[in-house]
Amino acid sequence: MEYDEEKITKLSSELFNALRMLRELSELPKDEFLSNPHYVASAKYFLIVAIEAATDICNHIISRNKLRVPEDYADTFRVMKEAGFFDDEFAERLMRMARFRNRLVHIYWNVDDELIYEILQGDIEDLEEFIDRLMGNLRKL
């Protein structure tokens, strides 16, 4: 697989920075998080940044290697699965994450703040696992 190491490093750095901020927000007690609209807005923003960095990394690899053009954000992870980067179960989790990104971007005012907190408590690990699996697969190729 071909890829621009500098571009992957830059996008990974954006993802790691967003994850660092999301981890800080995840350490807040639920009541404190939910009562502060700035915390909630920050979490939404950093979720968008992290998810977009993950899709940008994938789109770079897809483009460089002339893989099938994704139909949408979620399909980006399906293409990567087809290329052998992710198994079915993990690709499905990533695709749900991409669809959630669309909800955040397009109807952010209608996303339950408690759901954001729940995501901070468990689902941001998917983004950490994403980068570990992706980099592990790139090193093998």
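Small disclaimer: the values here were computed from a predicted structure and weren't measured. (Residues numbered from 1 in each chain as written. Predicted model: local features only at pLDDT ≥ 70, side-chain atom pairs only at ≥ 80, totals over all residues. Heavy atoms only, no water.)

### Points about the confidence of the model for the protein
1) Next: Averaged over the protein, the pLDDT score is 94; the fraction of residues at 70 or greater is 98%.
2) Next: Looking at the elements of the protein, mean pLDDT is at its lowest for helix α6 (residues 113-140), recorded as 91, and at its highest for helix α2 (residues 30-35), recorded as 98. (pLDDT = per-residue confidence, 0-100. Helix = DSSP H or I, 4+ residues; strand = E, 2+ residues; numbered from the N terminus.)

### Here's the deal with the side chain of Asn 65
1) Next: Looking at the element boundaries, Asn 65 is found in the loop between α3 (37-64) and α4 (73-82).
2) Next: From its side chain, Asn 65 meets the backbone oxygen of Ile 61 in a polar contact 2.8 Å long.
3) Next: Look past the residues within four positions of Asn 65 in its chain and what remains in contact with it is Met 1 and Glu 2. (Polar contact = N/O pair within 3.5 Å; in protein donor to acceptor, adjacent residues only side chain to side chain. Contact = heavy atoms within 4.5 Å.)

### Details of the nonpolar core
1) Next: Among the nonpolar cores identified, the biggest contains 47 residues, and Phe 33, Phe 77, Phe 86, Phe 130 and Leu 134 are the most heavily contacted of them.
2) Next: Sorting the residues of this core by element identifies α1 (5-26), α3, α4, α5 (88-107) and α6 as the ones contributing at least two each.
3) Next: With 13 residues, α3 is the single largest residue contributor to this core.
4) Next: What Leu 134 contacts, discounting residues up to four positions off in sequence, is Ile 57, Ile 61, Met 80, Phe 85 and Phe 86. (Core = buried A, V, L, I, M, F, W, Y, C linked by side-chain atoms within 4.5 Å. Buried < 20%, exposed > 50% of the residue type's maximum accessible area, 1.4 Å probe, protein only.)

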